[in-house]
Amino acid sequence: MIRSIRVTLTLWYVGILAVLLCAFGWILYTKVGVNLMKDVDQILISEANGIADSIFAFWQAKWEAEHRLFEGSRQETLAEHLGEIEKESIRGDFTNFLSRWAHELTELHPAHAMQVVDQNGNPVFATKTFGQLHVPLVNEAIRDAKKGRTIYESFYAPEHDRIRVILYPIIENGRVLYIVQTAATLKQIDSSLERLKLGLFGLIPLTLIFATAVGWFFATIALKPIGRLIKQARNITAEHLHERVDVPKTGDELEELGKTFNDMLARLERAFKRLRQFSAAASHELRTPLTIIKGELEVALRSTRDVQEYQRVLKTQLEALDEMIDIVEQLLTLARSEEGEESMEWRPIELTHLIENVFGDWRKIIRDKAIQINFVKNGPIWIRGEQPLIQRVFSNLLDNALKHTPANGHIRIEMVSQNNEAVFIIEDSGPGISKQEQPYIFDKFFTKRSVTDNDSTGVGLGLCRWIVEAHQGKIEISSEPGKGARFKVLFPLSQPN
Amino acid sequence: MRILIIEDNPKVAGFIKRGLQEEHYAVDLASDGEEGLFLAQNSEVDLIILDLLLPKQNGLEVLRALRKDRINTPVLILTAKDSPKDKVEGLDLGADDYLTKPFGFEELLARVRALIRRKNGLATNILKLADLEMDLVKHKVTRGQKEIDLTNREYALLQYFLNHVGRVVTRTMLSSHVWEQDFDTSSNVIDVHIARLRRKIDDEFPEKLLRTIRGTGYILEATNP
């Protein structure tokens, strides 16, 4: 799991970086190519421009010379004149002039070439280098140039270097006289671009490899606390729920995770502890009735008995079974709320009414033992809690009081609100509990601590205390032997809603 | 043999007592630690069956007090506490055996027999003198080829004599080991039971085993070794 997070993180990181680097490389490559081409074009155009200017100046000079010779007699323009003199012997001078130019040009840029063609596309002059460049003459280009446009063309002939050609028309009075072609090989540009490409092809993978390592390293560092958490968490079993993981003091989600994990452990530990406590108490207290059932039966079966003895044994069995049923019932009450304090469904409960309902369950015993019950109340009293559990508290306490109160005795019950607390008091007129025994009275979960000759069972005072404390309440006992016992239960008051 | 049960649950104590009495044991009951300790200190019992969770004084405190007083009566702890820690603690404090509730009654009886046997320095469950034999498991008493039918009390008396062969047994010893605590020693009940026992084991046989030592008590021994 941790491995794959690290791999995923690194892969994403490197993948995105690779895409970005490739895009960047491609843009750089094209941009550099375009700019280098622009430089070449600029040189070529300025060369063409220069040649065109010189040609123009040459003819201008010729024309002016002619003009002076035939002063005023000839009125034709330079353009008109050009057509004529061209045919004449000046052509030789013109060629000489151009070759001088060409010489200067090739000295400056040996790789550059130049050709001048006339309006029909016939070469008038070409540098030696021009032929070496294998510049094809494209008719459409000539045609376009004759329309007065400057044409840029790139050629790529197989087995030769790429070349760049500019067609620059010389226009006089809207008529194209000559077209200057300047050309250059793109060998240097291409090799520069090639080097750039190679450089990028080398650098990008290197960068990516480095980025992978860095990404992996940081992912590992970032995930290290998680690895530690996992390792510690793995060692925490049901037997070691008191252990906690070390919370990394990072102040980020990891610290949060550690804390959350520890909180969960604490909740689990509480639930486990309670469960263990209950199962221990339950198994312990189920042993007494089981011992009685098993022992009585085994002893009874050792020989033949009379009917009275069998009846006595069966009655004992029944009583022991009743005790077991009582214990199991209390266990079930607990099991239903065992999902933890948090999940207890706390609702408003009205106690006076609840207690009157509990009386109903014990009506028969109250009548049979002719016990007088004195119930003191002062109107509805609301608390919040889980009703079955609260009812269990009153039921257990009333059961306890009824069992210990002799026939024709009396029980006093009080349910009042006092100092923001719901106060429940139950006083029986039984034998009471000695001072030494009072501290242990709540220790047993499901059955009553035996009080000398008293034989009653199933009072569950321990359960009462657990429920009361789970509801942020308190339970107290005060008793003097011979004067009955007095239980006092306090719950925090609440509102009906 | 006299057994003291210290157990707070009257039902549990009740059936153990009944079962043991049917096995010819004299049984006393104590329902809390204080009473149990008092009885153990002030009467000669042969075995104590001790619960651990007791009111007033718990079983381990009773045991500790007994051993401190150098009372070496065998103690069998009978409790619902079944953790190894509890067992170790109980046995280390001087208990001789440990049995957890719920238990099988036959097992309790076997352990009681074993503890009493060990106390009397015996290795088997058969007590023997001349041609008189007592099988402690089957509760069968025979002399020669003849099976002798005894009442509980007679059986307990004979068992006590067979554990003290050749030694003088006083009335006080009998009253404290064969009868329960509330037995009135001033009466002649012991003499009556002894007379009946003697009739059953000696009358038909030439060799008389049980003799009266006038003014002191009785002795059971073989006359022709």
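This one's a predicted model, so the numbers in the text were calculated from it and none came from an experiment.

Trainee: Sorry, what's going on with the overall build of chain B here?
Mentor: A tally of helices and strands in chain B yields 8 helices and 12 strands. By residue count, 42% of the 225 residues in chain B fall in the buried class. Across chain B, contacts joining residues at least 24 apart in sequence account for 58% of those joining residues at least 6 apart.

Trainee: Mind showing me how you'd approach the nonpolar core here?
Mentor: The nonpolar side chains of a soluble globular protein tend to be buried with one another. Formed by 71 residues in total, the largest nonpolar core has its most connected members in B:Ile3, B:Ile48, B:Ile49, B:Leu50, B:Leu76, B:Leu157 and B:Leu158. Broken down by element, this core gets its largest block of residues, 7 residues, from helix α6 (residues 152-163) of chain B. Those residues in contact with B:Leu76 that sit more than four places away from it in its chain are B:Leu47, B:Ile49, B:Leu50, B:Asp96, B:Asp97, B:Leu99, B:Arg111, B:Val112 and B:Leu115. Core analysis: the second largest hydrophobic core is formed by 35 residues, A:Ile371, A:Ile381, A:Ile413 and A:Ile433 among them.

Trainee: What am I meant to see in the interface of chain B and chain A here?
Mentor: One widely used convention gives an interface's size as the accessible area the parts lose upon coming together. With 20 residues of chain B at the interface, the matching set in chain A holds 18 residues. Looking at which element gives the most residues to the side of chain B that touches chain A, the answer is helix α1 (residues 10-22) of chain B, with 8 residues.

Trainee: I would appreciate a short explanation of α1(B) in the present structure.
Mentor: Residue pairs three or four apart in sequence face the same way in an α-helix, which turns once every 3.6 residues. Residues and elements named next belong to chain B. Look at α1: 18 Å from first C-alpha to last across 13 residues, which is about the 18 Å you get at 1.5 Å a residue. Among all positions of α1, only Lys11, Val12, Phe15, Ile16, Lys17, Gly19 and Leu20 are buried. Two residues or fewer past α1, histidine 24 is found with a positive phi of approximately 75°.

Trainee: Sorry, what's going on with the environment of B:Lys68 here?
Mentor: On the secondary structure map, B:Lys68 appears in helix α3 (residues 59-68). Counting along the chain gives 26 residues from B:Lys68 to B:Gly94, while the straight-line C-alpha distance between them is 9.9 Å.

Trainee: Help me understand the pairing of strand β6 (residues 126-129) of chain B in this model?
Mentor: Side chains on a regular strand alternate between the two faces of the sheet. All names here are of chain B. Bridge analysis of β6 against strand β7 (residues 132-135) gives 4 bridges, and the strand direction is antiparallel. Among the inter-strand pairings, lysine 128 is bridged to a residue of β7, identified as glutamate 133. In this structure, the hairpin formed by β6 and β7 is closed by a connection of 2 residues, where alanine 130 is found at a positive phi of approximately 50°.

Trainee: Whenever I open this one, the sheet that holds strand β1 (residues 112-118) of chain A confuses me. Can you help?
Mentor: Residues and elements named next belong to chain A. The 5 strands are arranged β2-β1-β5-β4-β3 in an open sheet whose pairing can be described as antiparallel. Of all the strands in the sheet, the pair left with one neighbour each is β2 (123-126) and β3 (151-156). Put simply, the sheet's adjacent strands are angled 20° from each other on average, direction ignored. Examined bridge by bridge, strand β4 (residues 162-172) and strand β5 (residues 175-185) share 10 bridges and lie antiparallel to one another. Note on β5: the bridge partner recorded for glutamate 172 is arginine 175.

Trainee: For this particular structure, what's the right way to read unusual backbone geometry?
Mentor: Excluding glycine, a negative phi dihedral is what most residues carry, and trans is how most peptide bonds are arranged. Residue and element names in this part refer to chain B. A cis amide bond links lysine 101 with the next residue in sequence, proline 102, at an omega value of -5°. Its place among the elements puts proline 102 in the loop between β5 (97-100) and α5 (105-119). Backbone geometry places alanine 130, a non-glycine residue, at a positive phi of 50°.

Trainee: Even after reading the chapter, I still don't get the confidence of the model for chain A, so can you show me in this structure?
Mentor: It should be kept in mind that the predicted coordinates are not to be read in detail where pLDDT is low. Residue and element names in this part refer to chain A. Taken over all residues, the pLDDT of chain A has a mean of 80, while the share at 70 or more is 87%. Between the elements of chain A, mean pLDDT differs from a low of 56, seen in helix α2 (residues 78-87), to a high of 93, seen in strand β10 (residues 421-427). Ignoring residues within four places in sequence, the model shows residues 448-458, a span with pLDDT below 50, making 26 contacts including any to other chains.

Trainee: What am I meant to see in the environment of A:Trp466 here?
Mentor: All names here are of chain A. Looking at the element boundaries, tryptophan 466 is found in helix α12 (residues 461-470). You can call tryptophan 466 buried: it has 21 C-beta atoms within 10 Å. For tryptophan 466 and valine 393, which are 73 residues apart along the polypeptide, the C-alpha to C-alpha distance reads 9.4 Å.

Trainee: How should I be thinking about the pairing of strand β9 (residues 410-418) of chain A in this particular structure?
Mentor: Residue and element names in this part refer to chain A. Bridge count for strand β7 (residues 372-377) against β9 is 6 bridges, and the pairing is parallel. Residue pairing for β9: asparagine 374 is matched across the bridge by arginine 412. Sheet topology note: the β9/β10 ladder contains 7 bridges and is antiparallel. Pairing of methionine 415 across the sheet is with phenylalanine 424, part of β10. Where β9 folds back on β10, the antiparallel hairpin that results is connected by 2 residues, among which asparagine 419 adopts a positive phi of roughly 50°.

Trainee: Is there a simple way to explain helix α8 (residues 189-202) of chain B in this structure?
Mentor: All names here are of chain B. With 14 residues, α8 extends 20 Å from end C-alpha to end C-alpha; this agrees with the ideal 20 Å at 1.5 Å per step. Here α8 has its buried residues at Ile190, Ile194, Leu197 and Ile201. Projection of α8 onto a plane perpendicular to its axis shows the buried side chains occupying an angular sector of 65°, all on one side. Exposed and facing more than 90 degrees away from the buried side of α8 are Asp191, Val192, Ala195 and Arg199.

Trainee: Quick question: what am I supposed to make of the sheet that holds strand β9 (residues 146-148) of chain B here?
Mentor: Within a sheet, adjacent strands bond to each other through the backbone by hydrogen bonds, running parallel or antiparallel. Residues and elements named next belong to chain B. One open sheet holds the 4 strands; their spatial order is β6-β7-β8-β9, and the pairing between them is antiparallel. Either end of the sheet is taken by a strand with one partner, and the two such strands are β6 and β9. Each strand axis lies, on average, 20° off the axis of its neighbour in the sheet, ignoring direction. When β7 meets strand β8 (residues 140-143), the two strands line up antiparallel, connected through 4 bridges. Looking at β8, one finds that aspartate 135 is bridged to lysine 140. Strand contacts of α6: β6, β7 and β8, with the helix running at about 70° to β6, the strand carrying the most contacts.

Reading the values: rules and limits
Each chain has its residues counted from 1, following the order in which its sequence is written. Chains carry letters and ligands carry numbers; both start at the beginning, A for chains and 1 for ligands, and go up in the order they are written. For a predicted model such as this one, the threshold for reporting local features is a pLDDT of at least 70, and the threshold for listing and counting side-chain atom pairs is 80 or more; totals across whole chains, interfaces and linings nevertheless cover every residue. To qualify as a helix, a DSSP run of H or I must reach at least 4 residues; to qualify as a strand, a run of E must reach at least 2; elements of each kind are numbered from the N terminus. Exposure classes come from backbone-placed C-beta atoms, where a residue is buried if 20 or more other C-beta atoms lie within 10 Å of its own, exposed if 12 or fewer do, and partly exposed in between. By the convention adopted here, residues are in contact when the distance between their C-beta atoms, placed from the backbone, does not exceed 7 Å. Core membership is restricted to buried Ala, Val, Leu, Ile, Met, Phe, Trp, Tyr and Cys residues, and these are joined into a nonpolar core through C-beta atoms within 7 Å. Take the number of residues in a helix, subtract one, and multiply by 1.5 Å to get its expected span. By the convention used here, strands pair only if DSSP detects at least 2 bridges between them. Note on geometry: axes are lines fitted to C-alpha atoms, helical ones only across the stretch in contact, with angles between N-to-C directions running from 0 to 180 degrees. The predictor attaches a confidence to each residue, and that confidence, scored 0 to 100, is pLDDT. The directions considered for the arc run from the helix axis to the C-beta atoms.

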